[in-house]
Amino acid sequence: MTYKVTLEPVGIEMEVEEDETVLEAAFRQGIALMHGCKEGQCSTCKSMLIDGDIEMERYSTFALNEMEKEEGYVLLCKTIPYSDLTVELLQFDEEALKMSVPIKTCSTVVEKIESLTHDIRKLSLKIENSEQLTFHSGQFVDIYLPGEDTYRSYSMANTPSQSNRLEFMIKIFKGGKFSTLLDEKLKLGDQLTIRGPFGNCIRRDENTGDIILLGGGSGMAPLWSILNDMAEKNVKRKVTFFYGARTKNDLFYLEKFKQIASKLEDFTFIPALSESDPSDNWDGETGLITEVLERHIDPSLAKSDLEAFLCGPAPMIDASIEVLKRKGVTSDRIFFDKFVPASV
Ligand SMILES: Cc1cc2nc3c(=O)[nH]c(=O)nc-3n(C[C@H](O)[C@H](O)[C@H](O)COP(=O)(O)OP(=O)(O)OC[C@H]3O[C@@H](n4cnc5c(N)ncnc54)[C@H](O)[C@@H]3O)c2cc1C
Ligand code: FES
């Protein structure tokens, strides 16, 4: 049994198999709907059901509350059709739809594991069998836990020019499934299965306005990829990178930021410490990264074709979106990936 799903206002029609979610069917057919966690946790795929019968698999009420559900909102990553449907996309990105890349599953081997800070590791994987993964800077893949159907999403930190290697920046959570695997069990040469690429937090080649990158912790990963991709492609756009950390101990790549600045036309890196103490000897910005953003962003910027890319913890992203909107940046120019925890 298959059902037809019509996506408005873009007028795209697609088929969904029995027991398949609308988002999974879209991936299968190369339709890049807006998404983040794919697990009912982040609300990026929230849309309005105009017509048809559905059931929703388990999701977080942070992503869709009871009132929204009653009003007809659905999360496409959890929506199983029981009839033909018409769905109105609340967020859609025609550029991303054109940039969509086929999703594939690849076998990889662990090439290197390094510590970037006390709780952030760099994991490098090499794709096996001379395969390559085409992706855009800013995207992520799912890495499967060996022998399980469970995965964790991680954003690529390297650029697409190295298409048979993938690098990640991974924050270690005590007792976390993937964190424990990475810190205590994973060895060089071990195999890991990945699936992707996913995500719409992608720089559009044809846009020319200023860029704001904003991240915290391992949210550096996709932004580092975007920055290096711009340097490789000699993109001449003004970039300001706001990076939030707690203490000086949480900062890394400071030398690399100096090096990349020399390769970009107009680049400013603004790290900020939210819990700096006198022993840090820190003369840079302090406070939450959203406060720093508020202090630095000039409202006149918003009138230009400025774009913002935000990655990291969900509360930081939600607060940053509020600041950007208050300054006049419209939602269609704000791209983000919330690093929400997995549901299993
Ligand atoms: C689109 C997307 C991209 C992501 N990209 C990255 C990335 O590039 N780098 C990266 O480090 N992570 C990233 N994440 C988060 C990552 O997928 C995992 O959720 C995280 O690494 C924890 O996995 P775990 O198996 O170690 O912990 P789990 O076993 O999933 O969780 C164990 C416990 O750790 C705590 N915890 C786990 N995750 C979080 C969190 N995000 N915030 C607060 N507490 C948490 C919770 O208490 C949880 O109960 C991304 C997530 C998404 C959705
Ligand atoms: S809630 Fe659907 S992609 Fe996150």
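Described in the following lines is the structure provided in the data block.

What counts, and at which threshold
Residues numbered from 1 in each chain as written. Chains lettered and ligands numbered in written order. Predicted model: local features only at pLDDT ≥ 70, side-chain atom pairs only at ≥ 80, totals over all residues. Helix = DSSP H or I, 4+ residues; strand = E, 2+ residues; numbered from the N terminus. Rg over C-alpha atoms; globule rule 2.2 N^0.38 Å. Buried ≥ 20, exposed ≤ 12 C-beta atoms within 10 Å, placed from the backbone. Contact = placed C-beta atoms within 7 Å. Near = placed C-beta within 6 Å. Nonpolar A, V, L, I, M, F, W, Y, C, P; charged D, E, K, R; others polar. Axes fitted to C-alpha atoms, helices over the stretch in contact; angles between N-to-C directions. Parallel < 35°, antiparallel > 145°, perpendicular 65-115°, else oblique. Left-handed = near helix turned anticlockwise from the far one by under 90°.

Another point: the overall build of the chain. A tally of regular secondary structure across the chain gives nine helices and 19 strands. For 344 residues, the compact-globule formula gives about 20 Å, and the C-alpha radius of gyration of the chain, at 20 Å, lands near that figure. On the principal axes, the C-alpha backbone points of the chain span a range of 65 × 50 × 35 Å. Scored against the burial criterion, the 344 residues of the chain give a buried share of 38%. Contacts in the chain between residues at least 24 apart in sequence constitute 71% of all its contacts with a sequence separation of at least 6.

As a structural note, the neighbourhood of ligand 1 is formed by 25 residues, with G176, F178, S179, S218 and P341 the closest of them. Considering only residue class, the shell around ligand 1 consists of 14 nonpolar, seven polar and four charged.

So, on to the packing of helix 7 (residues 289–296) against helix 9 (residues 314–326). Where helix 7 meets helix 9, the axes come as close as 9 Å, and the angle between the chain directions of the two elements is 15 degrees. With respect to helix 9, the element helix 7 is oriented roughly parallel. Once helix 7 is placed against helix 9, the crossing between them reads as right-handed. Between helix 7, through I289, T290, L293 and E294, and helix 9, the contact on the second element is made entirely by M316, A319, S320 and V323. Per-class residue counts for the contact of helix 7 with helix 9 are five nonpolar, two polar and one charged.

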